[in-house]
Amino acid sequence: QLCAVLLAPQSDEPPPSAVQVHRCFEAMVCDRQQLSWSQERDEARSELLELVRCGGIPAGRRAQAWLSVSGARHKKHAAEADTYAQWLAWLRSGGWREDDALSTQLHTIKKDLPRTFAEDNIYANTVQGKRTLECVLGAACLHNRQSNPSGGYCQGLNSVAACLLTYLSDVDTFWMLEHIQESLCVGYYTDTMVMVNVDVAVVDDIVRETLPAAHAALCAIEESDFFNPMHVHVPKWSLSLSLSLSL
């Protein structure tokens, strides 16, 4: 069902609606609350994974698919309709200037704009795209800090947002960022980045056990017994959800 919807040949017929795509995902992807797979769901999951391995979701379907399968669409519909507009208005009012930590994060956003996929021909690198990227990151920063004082903006989110804006509207990008920070990557985009450090340790252990020669070579390059080279390379991949490798 999912493949039929997402990989349908282009024709004069209208593309599948968001509801249709959402229902396909609901039918194929296991409910997060379930602890076991039925045979049908297991087969459907394999079909979904095969779709991703074969090149991912076609560009024309990504907006619908990402919002549906991630859960961001549900979060968006459960919130007030003008949530993004409210944060955008407060951002433009300058009411955040009295918060030093918040001011620092918003200033960091401005500095990160010119170096976000600087060599790629994407929407975020246009004049309007940079304005939109700044607005989305700023509004998401304000929204996230409301529920998580140690959160807000973290480098890496600029790459994620720039990629999302290639396919999504500014409003949907805002909700995807919110969902990524608060539900999918909890503990990543915070002052301590505690879960990033956990993942770095996991990757370090895996490389040490499976590729000992490569691990030893990396450590030798750094020429230090007290410095873990993984702490340099893995965080930038993790925080950008590996988008720093390629768009």
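Rules behind the numbers
- Residues numbered from 1 in each chain as written.
- Predicted model: local features only at pLDDT ≥ 70, side-chain atom pairs only at ≥ 80, totals over all residues.
- Heavy atoms only, no water.
- Helix = DSSP H or I, 4+ residues; strand = E, 2+ residues; numbered from the N terminus.
- Core = buried A, V, L, I, M, F, W, Y, C linked by side-chain atoms within 4.5 Å.
- Buried < 20%, exposed > 50% of the residue type's maximum accessible area, 1.4 Å probe, protein only.
- Contact = heavy atoms within 4.5 Å.
- Axes fitted to C-alpha atoms, helices over the stretch in contact; angles between N-to-C directions.
- Parallel < 35°, antiparallel > 145°, perpendicular 65-115°, else oblique.
- Left-handed = near helix turned anticlockwise from the far one by under 90°.
- Nonpolar A, V, L, I, M, F, W, Y, C, P; charged D, E, K, R; others polar.
- Patch = residues over 30% accessible without salt bridge, like charges linked within 9 Å, V, L, I, M, F, W, Y side chains within 5 Å.
- Areas by Shrake-Rupley, 256 points an atom, 1.4 Å probe, with all protein chains shown as cover.
- Salt bridge = Lys/Arg side-chain N within 4 Å of Asp/Glu carboxyl O.

K.L.:
For the environment of Gln86, give the residues involved together with the corresponding values.
P.N.:
Among the secondary structure elements, Gln86 is positioned in helix α6 (residues 83-93). For the pair Gln86 and Ala139, spaced 53 residues apart in sequence, the C-alpha separation works out to 8.7 Å.

K.L.:
Let's hear about the nonpolar core: which residues, and what values?
P.N.:
Ranked by internal contacts, the top residues of the largest apolar core, which has 47 residues, are Leu133, Leu137, Leu177 and Tyr189. Mapped by element, the contributors of at least two residues to this core are α6, α7 (100-112), α8 (127-147), α9 (157-165), α10 (170-184), α11 (194-210) and α13 (230-239). With eight residues, α8 is the single largest residue contributor to this core. Leu133 has contacts with Leu113, Thr116, Ala124, Asn158, Ala161, Ala162 and Leu165, leaving out every residue within four places of it along the chain.

K.L.:
So, the packing of α8 against α9: which residues are in play, and what are the values?
P.N.:
Direction vectors running N to C along α8 and α9 enclose 120°, while the axes themselves pass 10 Å from each other. Here α8 lies oblique to α9, going by the angle between them. In this structure, α8 crosses over α9, and the sense of that crossing is right-handed. Residues Thr132, Leu133, Val136 and Leu137 of α8 lie in contact with α9, whose contacting residues are Leu157, Asn158, Ala161, Ala162 and Leu165. For the contact of α8 with α9, a count of residues per class yields seven nonpolar, two polar and no charged.

K.L.:
Can you explain the packing of α6 against α8? Please cite residues and give values.
P.N.:
For the pair α6 and α8, the least separation of the axes is 9 Å and the interaxial angle reads 100°. Taken together, α6 and α8 sit at an angle that is classed as roughly perpendicular. The segment α6 lies against α8, with Thr83, Tyr84, Trp87, Leu88, Trp90, Leu91 and Arg92 engaging Cys135, Val136, Gly138, Ala139, Leu142, His143 and Gln146. Tallied by class, the residues present in the contact of α6 with α8 amount to nine nonpolar, four polar and one charged.

K.L.:
Outline unusual backbone geometry, listing residues and values.
P.N.:
Positive phi, normally seen in glycine, also occurs at Met193, with a value near 50°. Along the chain, the position of Met193 falls in the loop between α10 and α11. With a relative accessible area of 24%, Met193 lands in the partly exposed category.

K.L.:
Explain a nonpolar patch on the surface residue by residue, including any values.
P.N.:
The grouping of Val194, Met195, Val198, Val202 and Ile206 at the surface amounts to a nonpolar patch, some 370 Å² of accessible area in total. With respect to the secondary-structure elements, Met195 resides in helix α11.

K.L.:
Describe the pattern of salt bridges, listing the residues and the values that go with them.
P.N.:
In the structure shown here, the tally under the stated rule is six salt bridges. For the salt bridge of Lys76 with Asp172, the shortest nitrogen-to-oxygen distance reads 2.6 Å. Of this pair, Lys76 sits in helix α5 (residues 72-78) while Asp172 sits in helix α10, placing them 96 residues apart in sequence. Here Asp205 makes a salt bridge to Arg208, at a shortest N to O gap of 2.9 Å. Linking Asp205 with Arg208, this pair stays in helix α11, spanning three residues, or about one helical turn. For Asp205, a relative accessible area of 38% corresponds to the partly exposed category. Judged by its relative accessible area of 40%, Arg208 is partly exposed. Each of Asp204, Asp205 and Arg208 takes part in a single network of salt bridges with overlapping partners.

Without other data, these values stay purely geometric and don't point to any function.
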